[in-house]
There are 2 protein chains.
Amino acid sequence: MAIQAIERVFIETLAGSAPREVVLRGWVYRLRVLGKTAFLILRDCTGEAQCVLASEALKEHRLRAEDVVEVRGTVRPEPRAKAGCEVHVSEIRVLNRAAANLPFLSSHDTAEVGLETLVQYRPLALRTEAVGDVFRVQAALLAAFRQALDRRHFTEIVTSKIVGGGTEGGTSLFAIEYFDRVAYLAQSPQFYKEHGVAGFERVYETGHVYRAEPHASGRHLTEYYSLDIELGFIDGPEEVIQLERELLTEMFESLNGRLGPVLLKRRPERLPSLLGVPCWEFPECLQMLREAFGRTDLSEDLDPEAERQLCELARRATGVPAVFVLGFPLSARPFYTAPRGSAGAASSFDLLFEGVEITTGGQRLHRRQDLESALRSRSIDPQGFESHLAMFDLGMPPHGGLAIGLERLTCQVMGLPNVRQAALYPRDRYRLTP
Amino acid sequence: MAIQAIERVFIETLAGSAPREVVLRGWVYRLRVLGKTAFLILRDCTGEAQCVLASEALKEHRLRAEDVVEVRGTVRPEPRAKAGCEVHVSEIRVLNRAAANLPFLSSHDTAEVGLETLVQYRPLALRTEAVGDVFRVQAALLAAFRQALDRRHFTEIVTSKIVGGGTEGGTSLFAIEYFDRVAYLAQSPQFYKEHGVAGFERVYETGHVYRAEPHASGRHLTEYYSLDIELGFIDGPEEVIQLERELLTEMFESLNGRLGPVLLKRRPERLPSLLGVPCWEFPECLQMLREAFGRTDLSEDLDPEAERQLCELARRATGVPAVFVLGFPLSARPFYTAPRGSAGAASSFDLLFEGVEITTGGQRLHRRQDLESALRSRSIDPQGFESHLAMFDLGMPPHGGLAIGLERLTCQVMGLPNVRQAALYPRDRYRLTP
């Protein structure tokens, strides 16, 4: 047949079209030979297509799974094929070969493949359904987060990750050789987002933060992606909590709509509404944990077991295993935290969702003199924070905010036990590659 | 009057409403006293409202510009006010005071204020119209970039900024003390986005990149925000160029729609369509520069003056001062660049827009053996890149991509001469704060 200059089309455009000649490009996902006829399942970023060709042609091109190919043929309706059509191949062209001895194939069940291997061979892992789904969901969470905030008068900001010091004391910082000086990787955009409130009233940032955590648990990374929000003119932390209820509900609705079937592979039900998530005071939580689970060992903070137990209590009370815990002891929270009452509680909260803390937030101090007192009461010289404190002279509204760890949120949404499964290139004490 | 629990409303909701009692919160933008009556222009993140009160009340509260206040009053139609209504104040509450001696006020003309001061007092600078506009435009560019790619089957990825080595040789890297090892800040997500193509076919990332540039010009930062794209199954760099034409045109249309009046404060016209931007080969550019401007000093690369001159030639030819330059000498481009023909040219392009290079892009090599040869021809041992090269065994499509510097793009769109004006917290050789 004569060679026609027709353009490559995406696989998603094939369904329902009248018979026509098409050019497809993608990866060989599966090959099946039935006597003289062979079936090639081809995948691109929009879907998969069943291609029919002579078994002879497969052999001639020495085709293997994961090869990168161009297929030319005629698309015809075929009710037995998944997409309702199939492509009768007239010509096939290998664009690039995959190696013969791959550690796994994109059609394999990744449950059989170790996490180390899935990280080491990320491109191949992303072509599997299970790992690909994780990062498609992550991208959808990010998009929905930003859109929900854009609708609410928030402005996205981009702040520096190279800083002169830490926001929460001097520990857990990575040092950088910055020409002839020492700088540090930012632990959090906390100060910058507070400054942003004094400028724009409502700001958010999505970006990396860095913690030189020496332990390498299933919950900690040295580099993670933080969804940071800060807003001004609030009356109390309850306003931040209510914002998060609405925000996450909107994000979850967006995911249910766009990726519902993907979610149902990993969860018994779609993502819940969080509009009814209760807010329990910290002392109340300790009492409930004592009564329901005999926990008498907690006083200053929750531990992972307590987080699971509180989610279980929330599930019994509301049907959704999620709860805001408000009023942690002030002494355990950063200096900029606003107090809650006068009994040593903080206007600070965590959101526990399906057993894990995914957010820390709260109201901050907004008066310079209160920040100075808070620093002095922790035996820190306010002079060391002067450049930050000076921003509170410029017209700083009462404000609060929160931060959501993207990897942890992805894990909870997708039912993953290890945060490394939700980072494309996880970094921890021992892992610096790929 | 009795205290009613009514909620704070945004200023944008006032216009056109029937007379009603409202609570507003915001910053005192301007104060004007006319005998016994005073006018307070209040600003929040949605707009500004003219508030009328007794001059006595101003004095009593010792109100000053930039103070953070809550205003309670009755909104009434007032055709002479900017928003078509004004608020008759019944009660005013100071939420936080601004200091008495501010370096400038948000109502001032920032052209009178030095860049150093605008950076040092970012919150106040963001409340000025001119600086606020820059970062609102920047946020809108980011949102439009992501949305245009989401519509085109791209998946957003998040890749590590802590890496074992550089993508373009070993220079200009910032070293990090990573526990007992040395790591580096990523210069570019180049390798990761290529790996992403082998997984998802079309990927993008928006994030920081780091260059230890010892010079501190108006065009360079040590930390900048890169809009990175990479896509598979291309036939040549022209496909990447066409994508960028469409992408930027869509982004510019979005900006014209959302922020048209803001753009017109800084530009004679709205942002142009880039669909007709020509693509000129590098040797052709040298010849045109020779003929039109007598430039005989260029051979391997363009300089800033040549970039301006080419944009001028493009403007004369098409009406829009923008041009793609394709086919730079291969020797001046990174090892992973695909060749263009056999005469030493690269399948690599720059986009020059209004006198400045805002994009570098091109087609990459996609076969392991070609990459190994390219490394050897530069006297680099491929073994040092083995973990990267191994990814090319997993089914790597022909691919290409581009990167846009967000700060530079913001500068060009807003007509700013110095890239520091388009970074909230610029970092260079000498600047590590705020």
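Residues numbered from 1 in each chain as written. Chains lettered and ligands numbered in written order. Predicted model: local features only at pLDDT ≥ 70, side-chain atom pairs only at ≥ 80, totals over all residues.

Let's talk about the relation of the copies chain A and chain B
Now for step 1: For these two chains of identical sequence, chain A goes onto chain B by a turn of 180° and a shift of 0.0 Å along the axis, with RMSD 0.0 Å. Taken together, these values place the two copies in the relation of a two-fold axis. For chain A, the minimum C-alpha distance to the rotation axis belongs to I176 of chain A and amounts to 2.2 Å. (Least-squares fit on C-alpha atoms with pLDDT ≥ 70 in both.)

A short note on the sheet that holds strand β4 (residues 68-77) of chain A
Residue and element names in this part refer to chain A.
Now for step 1: One closed barrel holds the five strands; their spatial order is β1-β2-β3-β5-β4, and the pairing between them is mixed. Within the sheet, the average angular offset between the axes of one strand and its neighbour, ignoring direction, is 55°.
Now for step 2: As judged from the eight bridges shared by strand β1 (residues 20-34) and β4, these two strands associate in the antiparallel manner. If you follow R25 over to β4, its bridge partner there is E70. (Pairing = 2+ DSSP bridges. Helix = DSSP H or I, 4+ residues; strand = E, 2+ residues; numbered from the N terminus. Axes fitted to C-alpha atoms, helices over the stretch in contact; angles between N-to-C directions.)

Regarding the sheet that holds strand β17 (residues 356-364) of chain B
All names here are of chain B.
Now for step 1: Ordered by their spatial adjacency, eight strands build an open sheet running β6-β10-β11-β18-β17-β16-β13-β12, and the pairing between neighbours is mixed. With one partner strand each, in any of the chains shown, β6 (155-156) and β12 (279-281) form the two edges of the open sheet.
Now for step 2: Relative to strand β18 (residues 399-405), strand β11 (residues 223-232) is paired through seven bridges, and the arrangement is antiparallel. The residue of β18 that forms the bridge with D228 is A403.
Now for step 3: In the packing of helix α4 (residues 129-150) onto the sheet, the strands contacted are β6, β10 (202-210) and β11, and the crossing angle to β10 comes to about 155°.
Now for step 4: This element, helix α6 (residues 237-266), spans β12, β13 (322-326), β16 (348-353), β17 and β18 of the sheet and lies at about 140° to β17. (Contact = placed C-beta atoms within 7 Å.)

Examining the interface of chain A and chain B
How big an interface is tends to be reported as the loss of accessible area on association of its parts.
Now for step 1: Residue-level contacts link 76 residues of chain A with 76 residues of chain B.
Now for step 2: Ranked by the residues each element gives to the side of chain A that touches chain B, the list is headed by helix α4 (residues 129-150) of chain A, at seven residues.
Now for step 3: For the side of chain A that touches chain B, the per-class residue count stands at 40 nonpolar, 15 polar and 21 charged. (Nonpolar A, V, L, I, M, F, W, Y, C, P; charged D, E, K, R; others polar.)

Observations concerning the domain arrangement of chain A
Now for step 1: As far as domains go, chain A holds domain 1 (11-96) and domain 2 (127-422).
Now for step 2: Here the C-alpha centre of domain 2 of chain A lies 47 Å away from the C-alpha centre of domain 1 of chain A. (Domains from an automatic or database assignment.)

A look at unusual backbone geometry
Residues and elements named next belong to chain A.
Now for step 1: Across the junction of T433 and P434, the peptide omega takes the value -10°, indicating a cis bond.
Now for step 2: Summarising the element assignment, P434 is placed in the segment after α11 (406-414).
Now for step 3: One non-glycine residue, R62, lies in positive phi territory at about 50°.
Now for step 4: One can find R62 in the loop between α1 (55-60) and β4.
Now for step 5: C-beta crowding within 10 Å serves as the criterion here: with 9 such atoms nearby, R62 is assigned to the exposed category. (Buried ≥ 20, exposed ≤ 12 C-beta atoms within 10 Å, placed from the backbone.)

Thoughts on the environment of W27 of chain B
Now for step 1: Along the chain, the position of W27 of chain B falls in strand β1 (residues 20-34).
Now for step 2: In sequence terms W27 of chain B and C85 of chain B are 58 residues apart; their C-alpha atoms lie 18 Å from each other.
Now for step 3: Those residues in contact with W27 of chain B that sit more than four places away from it in its chain are G395 of chain A together with R43, E66, V68, S106 and R127 of chain B.

So, helix α7 (residues 282-293) of chain B
Residues and elements named next belong to chain B.
Now for step 1: An ideal rise of 1.5 Å per residue puts 16 Å on 12 residues; α7 measures up with 16 Å between its terminal C-alpha atoms.
Now for step 2: For α7, the complete set of buried residues consists of F282, C285 and L289. All buried residues of α7 lie within an arc of 50° about the axis, which places them on one face of the element. Opposite its buried face, α7 presents the exposed residues P283 and E291, each directed more than 90 degrees away. (Expected span 1.5 Å × (residues − 1). Arc of directions from axis to C-beta.)

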